[in-house]
Amino acid sequence: MPELPEVEATRRGLLPTVVGAKVAALNVYDARLRWPVPRDLPRTVAGRRVDAIDRRGKYLLFRFGKDTLIVHLGMTGSLTLHAAAPARRKHDHVDLVLSGGGTVRFHDPRRFGAFLWHPAGETAHPLLADLGPEPFDPAFCAAGLKDALRGRRAAIKTLLMDARLVVGVGNIYAAEALFRAGIRPATAAGRVSTARLERLVHCVREVLAESIARGGTTLRDYVGAGGEPGGFQHETRVYGREGLPCRVCGATIRGVRLGQRASAYCPNCQKR
DNA sequence: ACTGGCTCCTGAGGGC
DNA sequence: TGCCCTCAGGAGCCAG
């Protein structure tokens, strides 16, 4: 599932070929994504040069001067780079064709992804306006978290996945970071001490960095820009391991549902 | 102000 | 073999 590491791996894979290239065409085969792809988007981007590809949380931001093409991979989306556009498979919804040759293809079985246009302006796009700090930014810190979580009774895991507190952390990495930090996912967020939040911040960064280094996590659909799967799924210690022995202590990994999300934890390594 | 629940969508897997 | 149910999950949205 595309969380921050998968989006970042995709971004890095696209950079060398796409940045500096001109858009020859944008072909939309199915506009029914999370929000409809704007009808005039192909005309809007045609002939324009990609100056940069940035990432904010799980959003990819293709910069055209001061205008931005916002792309989200949703749950099952991928962007892959091809020298020439290959035959279309089921669920191939958008092609970004580069004038120097090369095609970036958007594939997304569940169509939870998005292609949106945000022209230059003073206001941030509504989807980006309320996002919290990047996990590797110093603004993501125990003191800030302590403040934001004060008095909150929701599960720490649920809030760790709330993009207003920190971006990029989804179900897999929330579970893995909490395991490493020794914190139970169901613990009320407001009751986690600053010292433990300190550890959590460190573990979030550690898990994300390791996953980026392995090209992300591939459970089913995700592939990087070169079509290659990630490798972090072999490193998970609790995610998807309910009923199996903990890799650290041997206790049986348990599962609990928090905010409609499956959440795995080790009852021995994560005491509270 | 929070919190939990619903929703979009497709495909896989389990039970019978 | 086939049908139906549940689950997977990013994140907006809404009701209480």
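Look above for the structure.
Residues numbered from 1 in each chain as written. Chains lettered and ligands numbered in written order. Predicted model: local features only at pLDDT ≥ 70, side-chain atom pairs only at ≥ 80, totals over all residues. Heavy atoms only, no water.

Asks: Please explain the packing of aromatic side chains as it appears in this structure.
Replies: Two measures describe an aromatic ring pair: the distance that separates the ring centres and the angle between the ring planes. What the rule picks out here adds up to three aromatic pairs. Over the aromatic face of tryptophan 35 sits the side chain of arginine 34, whose NZ or CZ is 4.7 Å from the ring centroid. Taking NZ or CZ as reference, arginine 88 lies 3.7 Å from the ring centre of tyrosine 29, over its face. (Phe/Tyr/Trp six-rings, centres within 6.5 Å; stacked < 30°, edge-to-face > 60°. Lys NZ or Arg CZ within 6 Å of the ring centre and 35° of its normal.)

Asks: For this particular structure, what's the right way to read the pattern of salt bridges?
Replies: Tallying each qualifying case throughout the model produces 17 salt bridges. Put simply, arginine 63 and aspartate 54 hold a salt bridge, and the shortest N to O gap is 2.8 Å. Judged by relative accessible area, aspartate 54 falls into the partly exposed class, the value being 29%. For arginine 180, the salt bridge identified is with glutamate 206, shortest N-O distance 2.9 Å. Placement of the pair is arginine 180 in helix H6 (residues 171-181) and glutamate 206 in helix H7 (residues 194-213), with a sequence separation of 26 residues. (Salt bridge = Lys/Arg side-chain N within 4 Å of Asp/Glu carboxyl O. Buried < 20%, exposed > 50% of the residue type's maximum accessible area, 1.4 Å probe, protein only. Helix = DSSP H or I, 4+ residues; strand = E, 2+ residues; numbered from the N terminus.)

Asks: Hey, could you run me through the sheet that holds strand E1 (residues 23-28) in this one?
Replies: Neighbouring strands of a sheet are bound in pairs by backbone hydrogen bonds; such pairs are parallel or else antiparallel. Spatial ordering of the open sheet is given by E1-E6-E7-E5, a layout of four strands whose pairing is antiparallel. Among the strands making up the open sheet, the edge pair consists of E1 and strand E5 (78-82). Between one strand axis and the next, the sheet turns through 15 degrees on average, direction left out of account. As judged from the five bridges shared by E1 and strand E6 (residues 92-98), these two strands associate in the antiparallel manner. In the sheet register, asparagine 27 faces E6, and the bridge partner there is aspartate 95. Each of E5, E6 and strand E7 (103-107) is contacted by helix H1 (residues 4-18), which is oriented at about 30 degrees to E5, the strand it contacts most. (Pairing = 2+ DSSP bridges. Axes fitted to C-alpha atoms, helices over the stretch in contact; angles between N-to-C directions. Contact = heavy atoms within 4.5 Å.)

Asks: How should the pairing of strand E4 (residues 67-72) be read in this particular structure?
Replies: Along any regular strand the residues' side chains alternate between the sheet's two faces. Buried residues dominate E4, accounting for six of its six residues. Across five bridges, the pairing between E4 and strand E8 (residues 114-118) is antiparallel. Its bridge partner being in E8, histidine 72 is matched across the sheet by alanine 114.

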